Amino acid sequence: MTTDTTAALRARVTEQFPALQADLEALVRIPSVSAAAFDQQHVAASAAATAQLLRDAGLPDVQILSAPRPDGTPGAPAVVARRPAPEGAPTVLLYAHHDVQPPGDPATWDTDPFEPTQVGERLFGRGAADDKAGIVAHLGALRALGLPDGADLPVGVTVFLEGEEESGSPSFRAFLETYRDLLAADVIVVADSTNWKVGVPALTTSLRGLVDGEIELRVLDHAVHSGMFGGAVLDAVTLMSRLVATFHDDAGDVAIEGLVTAPEPEVDYDEAAFRADSSLLDGVALAGTGTLSGRLWSKPALSVIGMDVTSVAEASNTIAPRCTAKISLRLAPGQDPAAADAALAAHVAKHAPFGVQAAWRSGEQGKPFLAPGDTAAMRAARAAFTEAWGTAPVDVGVGGSIPFIADLLEVFPDAAILVTGVEDPDSRAHGANESVHLGELQNVVLAEALLLTKVGEGL
């Protein structure tokens, strides 16, 4: 690729970016929360809006499709848009998702979560980063390469925009198998990860897997008076607290027997930057041992993400007869989720205190991801990122999970998978005040246009 080609693409992206930002803002205004408690008509509206954007961009074959979930109910609507490859050219599948996380308490947001608001170089709103920015990154790259006529698009393209990623992708495997022929590709770009920091791109080479579930403890048949029976009977909340405390050792490392730890990463996370990015309060010590990046990417991590207890406002002098806690366990690359789930169940049974009745109810399971050390597609991506940002990308792991990547690998074993992203450490995906850095998004668009060009030149 010549310097002139890169400069021409950069100029197109710059010229087209205001319209692309307006498209992102329109998508953010659709509250497409896929969680079952929310109105799913908004998810359908989001699918329709993204499908129309792709039609307007000139993709000739755009469909809204679904597949059944394991319980037999229909999956959320996904958008699949295709432009066939020129004779002898490869096909690239561009993935993102149009559903979003619930907004949470509006009081924790500085702006309306579904009214996109630009402050400085950042655009705030639920889904602005995760992952509606991924959608417009694909859209922007295609526009930069000359769609609707596609004069400079040297590859076939399939855009796949999922509608239930934030709900665990329950119909994803069935969708891949049902529409295998539509989705088949030589290279798959998953735009749902993060960059190293503003100004420095990253290629995600590992992702932790996931096991979650619920612990229920039962100590009494019914609530009793804490004054009459306290002292001889511990309440279920105290017993749950004692149990969950056994999940970590004194250093903060996960203490469940049988879990895998992967090798330490080659790069480390600066502690001061991590403290700022995570909003850790002054004086709070970091948990775990080893490098900071290893703790985030290569070791298991367990969190208690929910607990059913009596609220302070409704508290009375009674001993709670039962307590339920939801556990989220992130798995190191190389860990089998079923084995991790069994290890969790065994730990709960072994460490339940005072003979309390303890039950582990398994929930979601997702496999970790470890990319090959080097591939032609990865080299093309690194070159594209370097040209777009003016600095070489960092190979990173991510502590979060994208379990469906394992399904992509199994259904399309010959495809090269690239995990890219539009987020940065301050994007606050899933939290209040989620945002995307607009300058970084513009670089992502350019990098993807360059990547498609390089793939067309031959891997």
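To be clear, the structure that these remarks concern was listed above.
Residues numbered from 1 in each chain as written. Predicted model: local features only at pLDDT ≥ 70, side-chain atom pairs only at ≥ 80, totals over all residues. Heavy atoms only, no water.

**Describing the nonpolar core**
In summary, soluble globular proteins display a tendency toward joint burial of nonpolar side chains.
No. 1: Leu54, Val159, Val436, Leu441 and Leu452 are the most contacted members of the largest nonpolar core, which totals 62 residues.
No. 2: Considering each element in turn, this core owes the most residues, eleven residues, to helix H13 (residues 438–457).
No. 3: Setting aside chain neighbours within four positions, we find Val159 in contact with Leu54, Leu59, Val79, Val80, Ala81, Leu94 and Leu142.
No. 4: Residues Ala185, Ile188, Phe369 and Ile402 belong to the second largest nonpolar core, which totals 29 residues. (Core = buried A, V, L, I, M, F, W, Y, C linked by side-chain atoms within 4.5 Å. Buried < 20%, exposed > 50% of the residue type's maximum accessible area, 1.4 Å probe, protein only. Helix = DSSP H or I, 4+ residues; strand = E, 2+ residues; numbered from the N terminus. Contact = heavy atoms within 4.5 Å.)

**Some remarks on the environment of Leu9**
No. 1: Relative to the elements of secondary structure, Leu9 occurs in helix H1 (residues 3–28).
No. 2: The exposure class of Leu9 is buried, given its relative accessible area of 4%.
No. 3: For Leu9, the residues in contact, after removing those within four places along its chain, are Ala144, Leu145, Leu446, Ala449, Leu450 and Thr453.

**Overview of the pattern of salt bridges**
No. 1: Counted according to the given criterion, the structure contains 21 salt bridges.
No. 2: Here Arg173 and Asp407 are joined by a salt bridge, their closest N and O atoms 3.0 Å apart. You can see Arg173 sitting in helix H4 (residues 172–178) and its partner Asp407 sitting in helix H12 (residues 404–411), a full 234 residues away along the chain.
No. 3: Using a relative accessible area of 28% as the deciding quantity, one classes Arg173 as partly exposed.
No. 4: The salt bridge involving Arg379 is made with Asp374; its shortest N-O contact spans 3.1 Å.
No. 5: Residue class for Arg379 comes out partly exposed when judged on its relative accessible area of 45%.
No. 6: Residues participating in the shared-partner salt-bridge network are Arg173, Glu177, Lys367, Asp407 and Glu410. (Salt bridge = Lys/Arg side-chain N within 4 Å of Asp/Glu carboxyl O.)

**Description of the pairing of strand E2 (residues 78–83)**
Looking down a regular strand, the side chains alternate between one sheet face and the other.
No. 1: Here strand E1 (residues 61–65) pairs with E2 via five bridges, running antiparallel. Residue pairing for E2: Leu65 is matched across the bridge by Ala78.
No. 2: Pairing geometry for E2 and strand E6 (residues 156–162), over five bridges, is antiparallel. Bridged to Ala81 within E6 is Val159. (Pairing = 2+ DSSP bridges.)

**Here's the deal with the layout of surface pockets**
No. 1: Reported here for the second largest pocket is a volume of approximately 530 Å³.
No. 2: Taken together, 23 residues make up the lining of the second largest pocket; nearest its centre are Arg208, Arg295, Pro300, Ala301 and Leu302.
No. 3: Taken together, the elements giving at least two residues each to the lining of the second largest pocket come down to helix H9 (292–297), strand E11 (301–308) and strand E13 (322–331).
No. 4: Considering each element in turn, the lining of the second largest pocket owes the most residues, four residues, to E11.
No. 5: For the lining of the second largest pocket, the residue count by class is twelve nonpolar, six polar and five charged. (1 Å grid on protein atoms, 1.4 Å probe; cavity = no way out; pocket = protein on both sides within 12 Å on 5 of 7 lines; lining within 4 Å. Points joined across faces, edges and corners; volume = space filled by probe spheres on them. Nonpolar A, V, L, I, M, F, W, Y, C, P; charged D, E, K, R; others polar.)

**A few points about the environment of Gln52**
No. 1: The topology assignment puts Gln52 in helix H2 (residues 41–56).
No. 2: With relative accessibility at 37%, the residue Gln52 sits in the partly exposed group.
No. 3: Expressed as a C-alpha distance, the spacing of Gln52 and Val62, which sit ten residues apart in the sequence, is 8.4 Å.

**What about the side chain of Asp99?**
No. 1: Along the polypeptide, Asp99 turns up in the loop between strand E3 (91–97) and strand E4 (117–119).
No. 2: The charged side chain of Asp99 is buried without a salt bridge, its nearest counter-charge being Arg69 at 8.4 Å.
No. 3: In this structure the side chain of Asp99 is engaged in a polar contact, spanning 2.7 Å, whose partner is the side chain of Ser34.
No. 4: Polar contacts involving the side chain of Asp99 include one to the main-chain amide nitrogen of Glu166, which spans 2.8 Å.
No. 5: Asp99 has contacts with Ser32, Ser34, Asp130, Glu162, Gly163, Glu164, Glu165, Glu166 and Ser167, leaving out every residue within four places of it along the chain. (Lys, Arg positive; Asp, Glu negative; His and termini not counted. Polar contact = N/O pair within 3.5 Å; in protein donor to acceptor, adjacent residues only side chain to side chain.)

**Considerations on a nonpolar patch on the surface**
No. 1: Taken together, the side chains of Val304, Met307 and Val309 make up a nonpolar region of the molecular surface, amounting to roughly 210 Å² of accessible area.
No. 2: For Val304, the position within the fold is in strand E11. (Patch = residues over 30% accessible without salt bridge, like charges linked within 9 Å, V, L, I, M, F, W, Y side chains within 5 Å. Areas by Shrake-Rupley, 256 points an atom, 1.4 Å probe, with all protein chains shown as cover.)

**A closer look at the sheet that holds E4**
No. 1: Strand order in the open sheet made by the three strands is E4-E5-E18, with antiparallel pairing throughout. Edge positions in the sheet fall to E4 and strand E18 (435–437), since each of these pairs with one other strand and no more. Taken pair by pair, the neighbouring strands of this sheet meet at an average axis angle of 25 degrees, ignoring direction.
No. 2: On top of the sheet, H13 reaches E4, strand E5 (122–124) and E18; it is set at about 65 degrees to E18, its chief contact. (Axes fitted to C-alpha atoms, helices over the stretch in contact; angles between N-to-C directions.)

**Digging into the packing of aromatic side chains**
No. 1: On inspection of all chains with the given rule, the structure shows eleven aromatic pairs.
No. 2: Taken together, a centroid distance of 4.7 Å and an interplanar angle of 55 degrees make the contact between Phe175 and Tyr179 tilted.
No. 3: For Tyr179, a relative accessible area of 17% puts it in the buried group.
No. 4: Aromatic ring contacts, followed pair by pair, group Tyr95, Phe160, Phe172, Phe175, Tyr179 and Phe404 into a single cluster. (Phe/Tyr/Trp six-rings, centres within 6.5 Å; stacked < 30°, edge-to-face > 60°.)

This is a description of form; function is not addressed.
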